[in-house]
Amino acid sequence: DPQIIFKKINQAKYIVQVKGAKNPFWLVFSESFDPQWKVFLDSQNSNQKFDVVKSYGKLGVKEASYQLKFSPFDLKYIFKRALTEDHFLANFYANGWYIDPRKLDLPEEFTLVLYFWPQYLYNIGLIVSGITLILSFICLIIFGSKKRNAK
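Definitions and limits used
- Residues numbered from 1 in each chain as written.
- Predicted model: local features only at pLDDT ≥ 70, side-chain atom pairs only at ≥ 80, totals over all residues.
- Heavy atoms only, no water.
- Helix = DSSP H or I, 4+ residues; strand = E, 2+ residues; numbered from the N terminus.
- Buried < 20%, exposed > 50% of the residue type's maximum accessible area, 1.4 Å probe, protein only.
- Contact = heavy atoms within 4.5 Å.
- Patch = residues over 30% accessible without salt bridge, like charges linked within 9 Å, V, L, I, M, F, W, Y side chains within 5 Å.
- Areas by Shrake-Rupley, 256 points an atom, 1.4 Å probe, with all protein chains shown as cover.
- Salt bridge = Lys/Arg side-chain N within 4 Å of Asp/Glu carboxyl O.
- Pairing = 2+ DSSP bridges.
- Axes fitted to C-alpha atoms, helices over the stretch in contact; angles between N-to-C directions.
- Core = buried A, V, L, I, M, F, W, Y, C linked by side-chain atoms within 4.5 Å.
- Phe/Tyr/Trp six-rings, centres within 6.5 Å; stacked < 30°, edge-to-face > 60°.

Enquirer: Hey, could you run me through the environment of tyrosine 115 in this one?
Expert: Assignment of secondary structure puts tyrosine 115 in strand S9 (residues 110-116). The exposure class of tyrosine 115 is buried, given its relative accessible area of 0%. Put simply, tyrosine 115 and phenylalanine 40 are 75 residues apart on the chain and 7.7 Å apart in space, counted from C-alpha to C-alpha. When residues no more than four places from it in sequence are discounted, the contact partners of tyrosine 115 are Ala12, Lys13, Gln36, Trp37, Lys38, Phe40, Asp74, Leu75, Tyr77 and Tyr120.

What follows is the structure in structure tokens.
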């Protein structure tokens, strides 16, 4: 079984480092199942060192400290193709993927991104709404003061 270290980036994104993946394995993500969770190969975070805060013994899984950040550059995952479509309901509630490194042409060590893009679109919508609200107030102040000065 491979060694897995995962790190929560935000509510829509997790980074998963996999080491020693010689054989196929199940990647189980203990969030309520939703088919919109996707797995992507990530080359940017492959050499990143994670600060492990918790170990799940016999499972070979470790949890890294949370980062909780939001990046507009993650929009690229909306347009990328998922690593595998083998996404299943696991343990009657969770998300599971069957990862076969040989079939997917992966090395023994690789990094994955678990990504839930509907949540990300919601966050983008909040940002756009906030910017629109601020710009509306600015327009009201500018045009309101011009009307008063014209009288």
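Enquirer: Help me out: how do you make sense of a nonpolar patch on the surface in this one?
Expert: Together, Phe70, Ile127, Ile131, Ile134, Leu135, Ile138, Ile142 and Phe143 give the surface a local cluster of nonpolar side chains, amounting to about 730 Å² of exposed area. Along the polypeptide, leucine 135 turns up in helix H2 (residues 117-150). Residue leucine 135 is classed as partly exposed on the basis of its relative accessible area, which comes to 49%.

Enquirer: What should I look at first to understand the sheet that holds strand S8 (residues 94-99) in this one?
Expert: Two modes of strand pairing occur in sheets, parallel and antiparallel, and in both the strands are linked by backbone hydrogen bonds. The three strands are arranged S3-S8-S7 in an open sheet whose pairing can be described as antiparallel. Each edge of the open sheet is held by one strand with a lone partner, namely strand S3 (25-29) and strand S7 (87-90). Going from strand to strand, the sheet's axes swing by 35° on average, the running direction of each strand aside. Bridge analysis of S7 against S8 gives four bridges, and the strand direction is antiparallel. Counterpart to leucine 89 in the pairing with S8 is asparagine 95.

Enquirer: Quick question: what am I supposed to make of the nonpolar core here?
Expert: Within soluble globular proteins, side chains that are nonpolar tend to cluster in buried spots. Of all hydrophobic cores here, the largest spans 27 residues; its most connected members are Leu27 and Leu114. Contributing elements (two or more residues each) for this core: strand S1 (3-10), strand S2 (13-19), S3, strand S4 (37-41), S8 and S9. With six residues, the top contributor of residues to this core is S9. Filtering out sequence-adjacent residues up to four positions away, leucine 27 remains in contact with Ile4, Val16, Asn95, Gly96, Trp97, Ile99, Leu112 and Leu114.

Enquirer: Is there a simple way to think about the packing of aromatic side chains in this case?
Expert: Two descriptors summarise a pair of aromatic rings, namely the distance from one centre to the other and the angle between the planes of the rings. The final tally for this structure, using the stated rule, is eight aromatic pairs. Note on tryptophan 37 and phenylalanine 116: the rings are 5.1 Å apart at their centroids and 35° apart in plane angle, and the pair reads as tilted. With tryptophan 37 in strand S4 and phenylalanine 116 in strand S9, this pair connects stretches of sequence that are 79 residues apart. Of the two residues, tryptophan 37 and phenylalanine 116, neither departs from the other in class, the shared state being buried.

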